[in-house]
Amino acid sequence: MIKNVPAKGGSAYSGKNKIFAYTILGLNVIATWASWWVLRRAFLGESTHSWIYPTLAFSLWGIVFALAVMFVRNWKLQFASFVLGFVVYPFFLGFNLSIVGALITFGLFLLTENQAKKEIAQGIHLNFYRLVGHTLKYFVTAVCMVVAVAYYFHLLERSAVPSPIFLEDETLQAEMDFGLKTAGFVLPEEKRAIIDDITSGMSVDDFLSKNFVQPEVDETILNSDSAPGIAKVIGDTAAVEVQQKLLAKSKKDLSKQLGVDVVGELPMKNVLMSYIDKTERSFFEYSGTDKFYVPIIIAIGIFLTARVLGTIVEIFLGLVILLIIKMLEKTGLIEMVREQREVMTIRYDV
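Calculation notes
- Residues numbered from 1 in each chain as written.
- Predicted model: local features only at pLDDT ≥ 70, side-chain atom pairs only at ≥ 80, totals over all residues.
- Heavy atoms only, no water.
- Helix = DSSP H or I, 4+ residues; strand = E, 2+ residues; numbered from the N terminus.
- Contact = heavy atoms within 4.5 Å.
- Buried < 20%, exposed > 50% of the residue type's maximum accessible area, 1.4 Å probe, protein only.
- Polar contact = N/O pair within 3.5 Å; in protein donor to acceptor, adjacent residues only side chain to side chain.
- Salt bridge = Lys/Arg side-chain N within 4 Å of Asp/Glu carboxyl O.
- Patch = residues over 30% accessible without salt bridge, like charges linked within 9 Å, V, L, I, M, F, W, Y side chains within 5 Å.
- Areas by Shrake-Rupley, 256 points an atom, 1.4 Å probe, with all protein chains shown as cover.
- Axes fitted to C-alpha atoms, helices over the stretch in contact; angles between N-to-C directions.
- Parallel < 35°, antiparallel > 145°, perpendicular 65-115°, else oblique.
- Nonpolar A, V, L, I, M, F, W, Y, C, P; charged D, E, K, R; others polar.
- Expected span 1.5 Å × (residues − 1).
- Core = buried A, V, L, I, M, F, W, Y, C linked by side-chain atoms within 4.5 Å.
- Phe/Tyr/Trp six-rings, centres within 6.5 Å; stacked < 30°, edge-to-face > 60°.

**Re the environment of Thr135**
Mapped onto the secondary structure, Thr135 falls in helix H6 (residues 128-157). Those residues in contact with Thr135 that sit more than four places away from it in its chain are Phe65, Ala66, Val69, Thr112 and Ala116.

**Re the environment of Trp61**
Assignment of secondary structure puts Trp61 in helix H2 (residues 52-71). Judged by its relative accessible area of 1%, Trp61 falls in the buried class. Apart from the residues lying within four places of it in its own chain, the contact partners of Trp61 are Asn28, Ala31, Thr32, Ser35, Trp36, Phe86, Phe109, Phe139 and Val143. In this structure the side chain of Trp61 is engaged in a polar contact, spanning 3.3 Å, whose partner is the side chain of Asn28.

**Considerations on the pattern of salt bridges**
Scanning all chains against the criterion turns up 4 salt bridges. The salt bridge partner of Glu113 is Lys117, with a shortest N-O separation of 3.0 Å. Here Glu113 and its partner Lys117 are both found in helix H5 (residues 98-122), 4 residues apart, which amounts to about one turn of the helix.

**Some points on a nonpolar patch on the surface**
Taken together, Trp33, Trp75, Phe79, Val83, Leu84 and Val87 make up a surface patch of nonpolar side chains, about 540 Å² in accessible area. Counting residues per element, the nonpolar patch draws most heavily on helix H3 (residues 75-86), at 4 residues. Topologically, Phe79 is positioned in helix H3.

**Quick look at the side chain of Thr105**
Here Thr105 is to be found in helix H5. Relative accessible area serves as the criterion here: at 0%, Thr105 is assigned to the buried category. Setting aside its immediate chain neighbours within four residues, Thr105 contacts Phe86, Ala142, Met145 and Val146.

**Quick word on the packing of H5 against H6**
Axis separation between H5 and H6 bottoms out at 9 Å; the angle between their running directions is 175°. Viewed along their axes, H5 and H6 adopt a mutual orientation that is roughly antiparallel. Residues belonging to the contact of H5 with H6 are distributed by class as follows: 16 nonpolar, 7 polar and 2 charged.

**A word on H2**
Under the 1.5 Å per step criterion, the end-to-end length of H2 is 29 Å for 20 residues, consistent within 8% with the ideal 28 Å. Buried residues dominate H2, accounting for 15 of its 20 residues.

**Quick notes on the nonpolar core**
Grouped together as the largest cluster of nonpolar side chains are 52 residues, with contacts concentrated most on Trp36, Trp61, Met70, Phe109, Ile321 and Ile325. Among the secondary structure elements, those contributing two or more residues to this core are helix H1 (18-43), H2, H3, helix H4 (89-93), H5, H6 and helix H12 (290-331). With 14 residues, the top contributor of residues to this core is H6. Not counting residues up to four positions away in its chain, the partners in contact with Met70 are Ile120, Phe128, Leu131, Val132, Ile321 and Ile325. By size, the runner-up hydrophobic cluster in this structure holds 16 residues, among which are Ile198, Leu254, Leu258 and Met268.

**Quick word on the packing of aromatic side chains**
The tally for this structure, following the rule as stated, stands at 22 aromatic pairs. For the pair Phe79 and Phe106, a centre-to-centre distance of 5.7 Å together with 75° between the ring planes defines the contact as edge-to-face. With Phe79 in helix H3 and Phe106 in helix H5, the pair connects residues that are 27 residues apart, well separated along the chain. Given a relative accessible area of 30%, Phe79 falls into the partly exposed group. For Phe106, a relative accessible area of 13% gives the class buried.

Any functional reading would require information that these geometric values do not contain.
This is the structure:
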């Protein structure tokens with residue numbers, strides 16, 4: 001027989017667990033402040049690890065946030081904790097329109113807290129796996145959004161639109177890989193070896209010699225009426241000299257055609273990436289929209305990159321939080337109780 005007990009809902013705010021609840025709320029405020037501080041340092045280039053430290057800071061905040069949402073019942077204290085965490089945002093990241101993004105994130109946090117409480121109140125069995133997953137999913141998305149918005153306005157406030165090397169290189173690399181992969185499907189079978197040469201990192205000299213210079217020399221000798229005689233007359237040294245001249249001409253023609261410097265020792269892939277970069281910059285300079293589009297493109301890239309990284313972190317944090325819940329339950333800092341409830345449902349005769 002199940003004994004009737006008062007409805008506590010597993011809250012850490014009641015009885016002997018008040019200290020735990022206050023501690024979690026305090027840690028939530030500290031973790032929020034720490035996240036803004038670390039994010040500011042990353043934006044200003046003061047952090048040597050631009051991704052690691054923000055990831056660690058927001059991960060700690062995510063753990064504390066999830067515990068506060070699930071185990072603190074008092075809505076007023078929860079709200080006060082969120083307000084104290086977000087009120088310092090402008091002091092770290094500036095008094096600009098990015099505050100709107102922070103306010104939207106604040107609203108998403110309140111919505112997440114409300115939905116978690118409904119899940120706990122309506123559920124017959126507490127499914128912490130589902131509850132933690134739901135909480136972290138919205139937390140990570142909201143954090144990625146506020147980071148992207150804050151970075152966008154950070155770029156606008158600077159005198160010149162920056163070109164972050166780590167992001168630009170990755171973007172160009174992705175564009176190059178996608179273009180080569182697409183070309184591999186379009187080109188005929190005999191030409192696909194060219195794609196393999198580029199992706200393997202072959203140098204400009206080797207690439208041009210293999211695919212253009214040497215075939216041209218072979219074709220010239222082959223079409224001659226006295227090919228063996230010509231080969232003997234010019235000799236090995238003269239043949240090498242001819243190839244070098246043809247190679248130099250090929251590099252000069254390629255440089256003129258692409259409008260970028262062509263260095264023989266560099267990988268052919270780098271030359272093509274330089275051409276892509278030059279083309280994109282020329283478009284922005286010609287259209288006069290670089291001040292508008294570049295920050296948006298970078299901000300979107302930041303959001304997508306952070307969200308992909310956040311998915312991995314989200315899985316890890318979920319396991320950590322579930323382990324923490326088990327430990328808290330065993331130590332008695334949180335308690336689960338059973339209670340009898342009347343449930344209304346529909347009576348089906350058919």
